[in-house]
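Each chain is listed here by its residues.
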Amino acid sequence: MISLAGRDILHHWTKYVFTGVGLGLLIGVTLSMAGIYRGMVDDAQVLLRSSAADIWVVQQETLGPYAEPSSVRDDAYRALLGMPGVADAANVTYLTMQIRQGERDVRVMAVGFEPGRSGEPPFLVAGRGVERSHYEVVADVRTGFRLGERIRIRRQEYEVVGLTRRMVSSSGDPMVFLPLKDAQEAQFLKDNDAIVNERARTVANPGLNRPGVPGLLDALLASQTSSRSVNAVLVKVASGHDAERVAGNIRRWKHLEAYTWRQMEDILVSKLIETSARQIATFLVILAIVSAAIVSFIIYTMTLGKVRELAVLKLIGTRNRTIAAMILQQSLGLGLIGFVIGKTVATLWAPYFPKYVLLLPGDAVRGLAATMVVCAIASLVAIRVALKVDPATAIGG
Amino acid sequence: MDAPAIEVRGLGKRYGEGDAAVDALKGVDMTIAPGEVVGLIGPSGSGKSTLLKCLGAVIEPTKGFMALGGVPVFDGGWKIRDLRGLRRDSIGFVFQAPYLIPFLDVTDNIALLPMLAGKPNREARRMAVELLEALDVGHRAKASPAELSGGEQQRVAIARALVNRPPIVLADEPTAPLDSERALNVVRILNRMAEQYRTAIIVVTHDEKIIPTFRRIYRIRDGRTYEEAGEGRAA
């Protein structure tokens, strides 16, 4: 038996291809949306991997340092190092900011780290790591910074000495790694005018400026210009110890919040991007409905366009299931053409998205299955119309 | 002696019910032998198309008896359950317009019927090409229907009607869109095919050019048929 659907598609191939292109672009957008969601999840996991920590110690009763602000004294790590099961503890700061580069602003996450400890960039693709205590940075290539370029962060200028790749925040902003002291200053230090004002207020306060207590005022003023806070302490657990148990001990004895990898992943993936994920899911549902409506309309009009041929086919003895299969195959064929075009364009335009778009083969397979299901459903109205065609209409009168 | 290809007695068809009921056929009697070509003529609304649809097992008569190829098909009710199969295997149709399937080439338009009947593709195409040769359109076997002239399209439609060697062919004004020469040519072909395949052919027509070619005519008026002798002129 010849394929009636295949012959009809070949006969009207221009109509099919153009409809397929339109549908394909829609499917391409759908796949890209799924890719954007996957990219967000991957960004979150990249952030966790790049931290190279087993436990994140943050301010009590916060979901810090990524989902909520967190402030921890920068000497807290000493106490953590003395706890059983803690192999290493390193201070880190995170600050999302805009850095001016020529005529444009680059949005980055500035990460303060201690070289050789958790939190440093795990690998470089060019240049070297931060070796000096101040004014050197390693930047993700997506910042657009070049080796040797000088960038300004707050009041200081920094030299880009190394480049890394796929180091991004949970929002997809590329990271810039700088020495911890510089990062603390950039994050917590007030500007000069604010410091002058604060000093004046302190000097004018009789409770703090006591003539009978020498050194008190100087100590207070010094504390106002130095920063003793970090956003989190990254803890590595010694081998043979359970991260959950170590985190529990930190929570109990140090009055700090401690999250294991699994808990932090849950915060980043489930909580931080939950709204975005729901937004994308809603958009995907709408796109699926729009795609179904388009396919349904096209197949329906094409079926209406051959009512006479269908009547003849029925009159000469073509079975209903043959006619239904023809329309179903045409709809699936249209979906297949659309999917191939959609997958191709989604792959081609993915690198041009400002945020990371991760197209997983599994998602493509699921997308193909969903497309086929949508097209099968979309063909039902046309099949119903075709089966109701009266063979008697082929005979005049 | 062969059984009649078509035997119809007291066939009636009523549309609607109660006061709105209309008797399109009131009692049709008709007997056509294998290989015979008869004309069915009558004014518009006389019941020609209704009779054709009943004979084609497309609509169900209300009363009477009908046998096709010696097999009772209707006797107060359908005697055969697979009407689709009956139409496919036992009845050929030629329409006013050829109604060829535009997305199939000429050969496959014809071969589709034997394929639907379960014949292998190769065998079905061989049967189609053989018939196309017999109808002098073998050279258009690979053409698309849109590439054919009106006369060629009608010959292909006749080939489609005959390919399964049905005992009867119902032709609904097959010469309407054709000029005199082509119309008479179609009649010649129908006569030749009827003789060659022993197929009974009923030609519904208004066409004054071809009416004189029939040896026998059924005139239909107010839902009843009246048999009369035709001139039987050579087409």
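This one's a predicted model, so the numbers in the text were calculated from it and none came from an experiment.

Basis of the calculations
Residues numbered from 1 in each chain as written. Chains lettered and ligands numbered in written order. Predicted model: local features only at pLDDT ≥ 70, side-chain atom pairs only at ≥ 80, totals over all residues. Helix = DSSP H or I, 4+ residues; strand = E, 2+ residues; numbered from the N terminus. Rg over C-alpha atoms; globule rule 2.2 N^0.38 Å. Buried ≥ 20, exposed ≤ 12 C-beta atoms within 10 Å, placed from the backbone. Contact = placed C-beta atoms within 7 Å. Expected span 1.5 Å × (residues − 1). UniProt positions renumbered as here; feature names shortened; annotations may be inferred. Axes fitted to C-alpha atoms, helices over the stretch in contact; angles between N-to-C directions. Parallel < 35°, antiparallel > 145°, perpendicular 65-115°, else oblique. Left-handed = near helix turned anticlockwise from the far one by under 90°. Nonpolar A, V, L, I, M, F, W, Y, C, P; charged D, E, K, R; others polar. Arc of directions from axis to C-beta. Core = buried A, V, L, I, M, F, W, Y, C linked by C-beta atoms within 7 Å. Domains from an automatic or database assignment. Pairing = 2+ DSSP bridges.

**Student:** Could you clarify how one ought to interpret the overall build of chain A in this entry?
**Tutor:** Helices and strands together make up the secondary structure of chain A, namely twelve helices and twelve strands. Taking 2.2 N^0.38 as the reference for a compact globule, 397 residues should give roughly 21 Å; the C-alpha atoms of chain A span a radius of gyration of 31 Å, well beyond that estimate. Dimensions along the principal axes, computed over C-alpha positions, put chain A at roughly 120 × 50 × 45 Å. Across the 397 residues in chain A, those meeting the buried criterion constitute 40%. Nonlocal contacts in chain A, meaning residues at least 24 apart in sequence, comprise 78% of its contacts between residues at least 6 apart.

**Student:** Before we go on, may I ask you to explain helix 5 (residues 192-204) of chain A in this structure?
**Tutor:** For the α-helix, the turn length of 3.6 residues means that residues three or four positions removed from each other point alike. With 13 residues, helix 5 of chain A extends 18 Å from end C-alpha to end C-alpha; this agrees with the ideal 18 Å at 1.5 Å per step. Of all 13 residues in helix 5 of chain A, zero are buried; the element is thus mostly exposed.

**Student:** How do you make sense of the UniProt feature "domain: ABC3 transporter permease C-terminal" (unreviewed entry) in chain A when you look at a structure like this?
**Tutor:** Look at the UniProt record and you will see "domain: ABC3 transporter permease C-terminal" (unreviewed entry) annotated at residues 282-391 of chain A. The span residues 282-391 of chain A carries 82% helix and 0% strand; its end-to-end C-alpha distance comes to 44 Å.

**Student:** Mind showing me how you'd approach the UniProt feature "transmembrane region" (unreviewed entry) in chain A here?
**Tutor:** Residue and element names in this part refer to chain A. In the UniProt entry, the feature "transmembrane region" (unreviewed entry) is given for residues 16-37, 280-302, 323-352 and 364-387. Annotated as residues 16-37, this span is 100% helix and 0% strand, and its ends, taken at the C-alpha atoms, are 31 Å apart. Taken as a whole, residues 323-352 contains 90% helix and 0% strand, while its terminal C-alpha atoms sit 44 Å from one another.

**Student:** Hey, could you run me through the packing of helix 9 (residues 274-304) of chain A against helix 11 (residues 320-349) of chain A in this one?
**Tutor:** Describing two packed helices takes the angle between their axes plus the distance from one axis to the other. Residues and elements named next belong to chain A. Running from N to C, helix 9 and helix 11 point in directions that differ by 135 degrees, and their axes come no closer than 11 Å. Our classification of the angle between helix 9 and helix 11 gives oblique. Helix 9 and helix 11 meet at a crossing whose hand is right-handed. Within the contact between the two elements, helix 9 uses Val295, Ile298, Ile299 and Thr303 and helix 11 uses Ile327, Gln330, Ser331, Leu334 and Gly335. Its residues assigned to classes, the contact of helix 9 with helix 11 comprises five nonpolar, four polar and no charged.

**Student:** Can you walk me through helix 1 (residues 4-11) of chain A in this structure?
**Tutor:** All names here are of chain A. What helix 1 keeps buried is the set Leu4, Asp8 and Ile9. All buried residues of helix 1 project into a common sector of 135 degrees when viewed along the axis, lining one side. Looking at the packing, one finds that the buried side of helix 1 touches helix 2 (13-51) and helix 11.

**Student:** Explain the nonpolar core here, please?
**Tutor:** Within soluble globular proteins, side chains that are nonpolar generally end up buried alongside one another. By size, the foremost hydrophobic cluster in this structure holds 174 residues, and its most contacted members are Ile55, Val57, Ala110, Val137, Val233 and Val235 of chain A together with Leu190 of chain B. With ten residues, helix 2 of chain A is the largest single contributor of residues to this core. Residue-level mapping places this core at the junction of two domains, with at least three residues from each of domain 1 (4-43 + 274-394) and domain 2 (60-189 + 227-255) of chain A. With sequence-adjacent residues up to four places away left out, Val137 of chain A is seen in contact with Val130, Tyr158, Val160, Val161, Val176, Phe177 and Leu178 of chain A.

**Student:** Is there a simple way to think about the interface of chain B and chain A in this case?
**Tutor:** Facing the 26 residues of chain B at the interface are 19 residues of chain A. Broken down by secondary-structure element, the contributors of at least two residues to the side of chain B that touches chain A are helix 1 (48-55), helix 2 (83-90) and helix 3 (106-116) of chain B. Considering only residue class, the side of chain B that touches chain A consists of 13 nonpolar, five polar and eight charged.

**Student:** Sorry, what's going on with the environment of Ala176 of chain B here?
**Tutor:** Residues and elements named next belong to chain B. Tracing the backbone through its elements, the reader meets Ala176 in the loop between strand 7 (168-172) and helix 6 (180-197). Placed 74 residues apart in sequence, Ala176 and Pro102 show a C-alpha to C-alpha distance of 20 Å. Those residues in contact with Ala176, other than ones at most four positions away along the chain, are Gln96 and Asp207.

**Student:** What's the story with the packing of helix 5 of chain A against helix 6 (residues 216-224) of chain A in this structure? I'm lost.
**Tutor:** All names here are of chain A. Interhelical geometry of helix 5 versus helix 6 gives an angle of 155 degrees and a closest axis separation of 10 Å. Between helix 5 and helix 6, the angle falls in the class roughly antiparallel. For the element pair helix 5 and helix 6, the recorded crossing hand is right-handed. Contacts between helix 5 and helix 6 involve Ile195, Glu198, Arg199, Thr202 and Val203 on the former and, on the latter, Leu217, Leu220, Leu221 and Gln224. Considering only residue class, the contact of helix 5 with helix 6 consists of five nonpolar, two polar and two charged.

**Student:** Looking at this structure, how should I read unusual backbone geometry?
**Tutor:** One can expect most non-glycine residues to show negative phi and most peptide bonds to be in trans. Even without glycine at this site, His255 of chain A takes up a positive phi of about 55 degrees. Summarising the element assignment, His255 of chain A is placed in the loop between helix 7 (243-254) and strand 12 (257-260). If you check the backbone angles, Asp136 of chain B has positive phi at about 60 degrees while not being a glycine. Mapped onto the fold, Asp136 of chain B is located in the loop between helix 4 (121-134) and helix 5 (150-162). The class of Asp136 of chain B is exposed, set by 12 C-beta atoms lying within 10 Å.

**Student:** Any chance you could explain the environment of Leu124 of chain A here in plain terms?
**Tutor:** Residue and element names in this part refer to chain A. Turning to its location among the elements, Leu124 is positioned in the loop between strand 4 (104-113) and strand 5 (126-127). Since 14 C-beta atoms lie within 10 Å of it, Leu124 is described here as partly exposed. Spatially, the C-alpha atoms of Leu124 and Ala139 are 9.3 Å apart, while their sequence positions differ by 15 residues.

**Student:** Is there a simple way to explain the pairing of strand 6 (residues 91-94) of chain B in this structure?
**Tutor:** A regular strand places its side chains so that they alternate between the two faces of the sheet. Residues and elements named next belong to chain B. Side chains of strand 6 alternate between two faces, with Ile91 and Phe93 and Gly92 and Val94 buried alike. Bridge analysis of strand 6 against strand 7 gives four bridges, and the strand direction is parallel. The residue of strand 7 that forms the bridge with Phe93 is Leu170.

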